Amino acid sequence: MNKQATFTRFDECTKEDIDAVIESYNAFAKGLPARVLDHLRLLDGDFGGFNVDRLQHCLQTATRAHHDGKDEEYVVCALLHDIGDIYGRSVKCKPSLSVAVVFCLFNFCCNLHINNSTV
Ligand SMILES: [Fe+2]
């Protein structure tokens, strides 16, 4: 089992606590690509009245972005742009929720990329 932080207040936090948090985060972050793909697969079969499901739509969007010469970050965002729809379709804040989910995923991807680049 991984080490765990023991503090309950930040003013009691030790270097060992921070090391435990960072170690845990780094281990969890390694699973991000698989979690993103699992989440993307949740769009499979969600047609919503259209003739392609949301997964196909996202793949088409990313493919078109790639064919249009967009950079990798743009293509990834195109791929994931509807990933939040499974949470927000019935609420008024759906667009902002989708953007928030994609932003969070993109941020995690960037952090993972940065972490991997410095190793
Ligand atoms: Fe879309």
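These figures come from a predicted structure and were not determined experimentally. (Residues numbered from 1 in each chain as written. Predicted model: local features only at pLDDT ≥ 70, side-chain atom pairs only at ≥ 80, totals over all residues.)

**Quick word on the environment of Phe-47**
For step 1, the next point in the chain: Inspection of the secondary structure assignment puts Phe-47 in the loop between α2 (32-41) and α3 (54-67).
For step 2, the next point in the chain: Distance in space between the C-alpha atoms of Phe-47 and His-57 is 9.5 Å, their sequence separation being ten residues. (Helix = DSSP H or I, 4+ residues; strand = E, 2+ residues; numbered from the N terminus.)

**Description of the nonpolar core**
One broad rule of soluble globular proteins: the nonpolar side chains tend to lie buried together.
For step 1, the next point in the chain: Leu-43, Cys-58, Ala-78, Leu-79 and Leu-80 together form the largest nonpolar core, which totals five residues.
For step 2, the next point in the chain: Looking at this core, the element that brings in the most residues is helix α4 (residues 72-80), giving three residues.
For step 3, the next point in the chain: Among all residues touching Leu-43, those that are not within four sequence positions of it are Asp-53, Arg-54, Leu-55, Cys-58, Asp-82 and Ile-86. (Core = buried A, V, L, I, M, F, W, Y, C linked by C-beta atoms within 7 Å. Buried ≥ 20, exposed ≤ 12 C-beta atoms within 10 Å, placed from the backbone. Contact = placed C-beta atoms within 7 Å.)

**Section: α3**
For step 1, the next point in the chain: Between its first and last C-alpha atoms α3 spans 20 Å; for 14 residues at 1.5 Å apiece the expected length is 20 Å, and the two agree.
For step 2, the next point in the chain: A positive backbone phi angle near 85 degrees is found at Gly-69, which sits one or two residues after α3. (Expected span 1.5 Å × (residues − 1).)

**Digging into helix α1 (residues 15-29)**
For step 1, the next point in the chain: With 15 residues, α1 ought to run about 21 Å at 1.5 Å a step, and its terminal C-alpha atoms sit 21 Å apart, in line with that.
For step 2, the next point in the chain: With zero of 15 residues buried, α1 lies mostly on the surface of the structure.

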